[in-house]
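A closer look at the structure
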Amino acid sequence: MTTLSDASGTGRAVPDPAALPALRRRITAVLIASQILGGLANATGIALAAVLAAEVSGSQALSGLASASMVVGPALLAMPLAALMTRRGRRPGLVLAYLLGVAGAAVVVTGAVLASFPLLLFGMAVFGAGSLGNLQARYAAADLAEPERRARAISTVVWATTIGAVLGPNIAAPAGHSVTRFGIPAAAGPFVWAAGVFLLSAVLVGVLLRPDPLLTARALDGGAAHSAAARSLRAGVGAVRESPRARLALVTVAVSHTAMVSIMSMTPVALTRHGADIELIGLVISIHIAGMYAFSPVMGWLADRLGRLSVIGLAAGLLCCAALLAGTAGASHGQTMAGLFLLGLGWSAGLVSGSALLTDSVPGPARAAVQGLCDLTMNVAAGLGGLTAGLIVARAGYGWLNAAGASLLLPMAGLALFTSRRHGAKEQSPAAPTS
């Protein structure tokens, strides 16, 4: 085992190439476990967030602010978290994200007990940092992956969220029932449970995610040769500006996430209007989350075999079909469920292919900054979508919300077509990215 110096001058052990497969498996196992816990905590809280916001505010029109807060918070934290990871590695950033999720859940419960809507929204914004930790973990999986298997590495970690995320909404009801005896509103109960689970995630990552995948990858790449400027936010912005494929990747992730968040966040409200109870709402959201995560390995395999652009096109088609089904469902809960499943599937295709294309398309030193910029963009866009979703449903209806979500896909599809034609129908191998 040789030793290199990173950009800070600290000696770092570089694993023998023969040991890399075992190291990849161990790092992936830790990330999978953290994703299961993080997905459980995040989905448990999200399940009744809009309902809780409507109860505390007394207005369905303001219920969309719950999902908006949960993505605006991560948007504000995305770049500071990326900066921390750039300097110190993935582990400190992920631990901090999960601990912020714990703190946010505590503030949400306090806001619910005090019937303070501003405090509730602030807590939801901080709680959203936990989901940012889960999103950033997909890049940790790609740090040490072979380029030709990068999409599959990302999708494996995304898939792991399925277990916790599908279970989360279904335990929302018992979580709510368990806290009412303490004077806590039932809709706030999921946040109590989520705090404990996020804490377990933080401990798991802090103890077991060693060596740090980003710092190890940097050492393997000769990290001492890259200056701090090459890893800065300015370098990341420049890398995106210079690469049409990176721009397409960023738009794909942002649009897919915005369409999904906007429609999903208001579905519980729409179901409630048509007589659905809390158990049925939990089931619909669970099916949606299964679509988001359970088939991500398929999306990763397709992105590696058929190319990133092909799966981006698939994402646009799935999201359009989802909006059509959900937007015309009315009182048909089965059709709403099918629409939400396709919504999750389209999100998965967009996230996996977009994240892989983004990582392929920028120089190694700038990747962490570009990845932080991507999560900043996707969360700001989704925050604006969630902010307007409640207003659209209150004034025009759930069907029009789905129509608005589908319209967001037109720029993404147009840019994908333009990029494909401008740079050739045949994609470059992921092993030889452009920058």
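The structure under discussion appears in the preceding block.
Keep in mind that this is a model prediction, so the values were computed, not measured. (Residues numbered from 1 in each chain as written. Predicted model: local features only at pLDDT ≥ 70, side-chain atom pairs only at ≥ 80, totals over all residues. Heavy atoms only, no water.)

1. Digging into the overall build of the chain
Each helix and strand in the chain was counted, giving 18 helices and two strands. By its C-alpha atoms, the chain is 60 × 50 × 35 Å across when sized along the principal axes. Per-residue burial over the chain gives 57% buried out of 435 residues. Nonlocal contacts in the chain, meaning residues at least 24 apart in sequence, comprise 82% of its contacts between residues at least 6 apart. If you average the places of the 28 positive and of the 15 negative side-chain charges in the chain, the two averages end up 4 Å apart. (Helix = DSSP H or I, 4+ residues; strand = E, 2+ residues; numbered from the N terminus. Buried < 20%, exposed > 50% of the residue type's maximum accessible area, 1.4 Å probe, protein only. Contact = heavy atoms within 4.5 Å. Lys, Arg positive; Asp, Glu negative; His and termini not counted. Charge placed at Lys NZ, Arg CZ, Asp CG, Glu CD.)

2. Here's the deal with the layout of surface pockets
Volume-wise, the largest pocket comes out at about 440 Å³. For the largest pocket, the lining is made up of 21 residues, of which Asp143, Ala217, Arg218, Asp221 and Arg367 are closest to its centre. Broken down by secondary-structure element, the contributors of at least two residues to the lining of the largest pocket are helix 1 (20-46), helix 5 (117-143), helix 9 (213-220) and helix 16 (367-395). With four residues, helix 9 is the largest single contributor of residues to the lining of the largest pocket. (1 Å grid on protein atoms, 1.4 Å probe; cavity = no way out; pocket = protein on both sides within 12 Å on 5 of 7 lines; lining within 4 Å. Points joined across faces, edges and corners; volume = space filled by probe spheres on them.)

3. Observations concerning empty space enclosed by the protein
A full pass over the atoms with the stated rule returns one cavity of 30 Å³ or more. When its volume is computed, the largest cavity comes out at roughly 550 Å³. Asn42, Ile46, Ser131, Met260 and Met264 are, among the 36 residues lining the largest cavity, the residues nearest its centre. Elements with a minimum of two residues in the lining of the largest cavity: helix 1, helix 2 (49-57), helix 3 (64-88), helix 5, helix 6 (150-170), helix 11 (244-273), helix 12 (278-293) and helix 15 (333-361). Partitioned by chemical class, the residues of the lining of the largest cavity number 23 nonpolar, twelve polar and one charged. (Nonpolar A, V, L, I, M, F, W, Y, C, P; charged D, E, K, R; others polar.)

4. Examining the environment of Leu342
Within the element layout of this structure, Leu342 appears in helix 15. Remark: the alpha-carbon pair of Leu342 and Thr388, spanning 46 residues in sequence, is separated by 22 Å. Ignoring sequence-local partners within four residues, the contact set of Leu342 consists of Leu318, Cys321, Ala322 and Leu325.

5. Here's the deal with the environment of Val205
In this structure, Val205 sits in helix 8 (residues 189-208). Under the relative-accessibility criterion, Val205 is labelled buried at 1%. Through-space distance from the C-alpha of Val205 to that of Ala129 is 15 Å; in sequence the pair is 76 residues apart. Contacts of Val205, omitting those with residues within four sequence positions, involve Ser34, Arg91, Leu94, Val95 and Tyr98.

6. A look at the packing of helix 6 against helix 15
At a minimum axis separation of 9 Å, helix 6 and helix 15 run at an interaxial angle of 135 degrees. Overall, the two elements helix 6 and helix 15 adopt an arrangement that is oblique. Where helix 6 crosses over helix 15, the handedness of that crossing is right-handed. Facing Arg150, Ala151, Ile154, Ser155 and Val158 of helix 6, the residues of helix 15 in contact are Leu351, Val352, Ser355, Ala356, Thr359 and Asp360. Looking at the contact of helix 6 with helix 15 residue by residue, the class counts come to six nonpolar, three polar and two charged. (Axes fitted to C-alpha atoms, helices over the stretch in contact; angles between N-to-C directions. Parallel < 35°, antiparallel > 145°, perpendicular 65-115°, else oblique. Left-handed = near helix turned anticlockwise from the far one by under 90°.)

7. Quick word on the pattern of salt bridges
On inspection of all chains with the given rule, the structure shows seven salt bridges. Residue Arg90 pairs with Asp143 through a salt bridge whose shortest N-O separation is 2.8 Å. Of the two residues, Arg90 sits in helix 4 (residues 90-114) while Asp143 sits in helix 5, which places them 53 residues apart along the sequence. Just as Arg90 is buried, Asp143 falls in that class too. For Arg138, the salt bridge identified is with Asp375, shortest N-O distance 3.2 Å. Taken together, the residues Arg138 in helix 5 and Asp375 in helix 16 connect sequence positions 237 residues apart. In this structure, Arg138 and Asp375 share a single accessibility class: buried. Among the charged side chains, a network of salt bridges with common partners joins Arg150, Arg152, Asp304, Arg308 and Asp360. (Salt bridge = Lys/Arg side-chain N within 4 Å of Asp/Glu carboxyl O.)

Take it as geometry only, folks, not as evidence of what the structure does.
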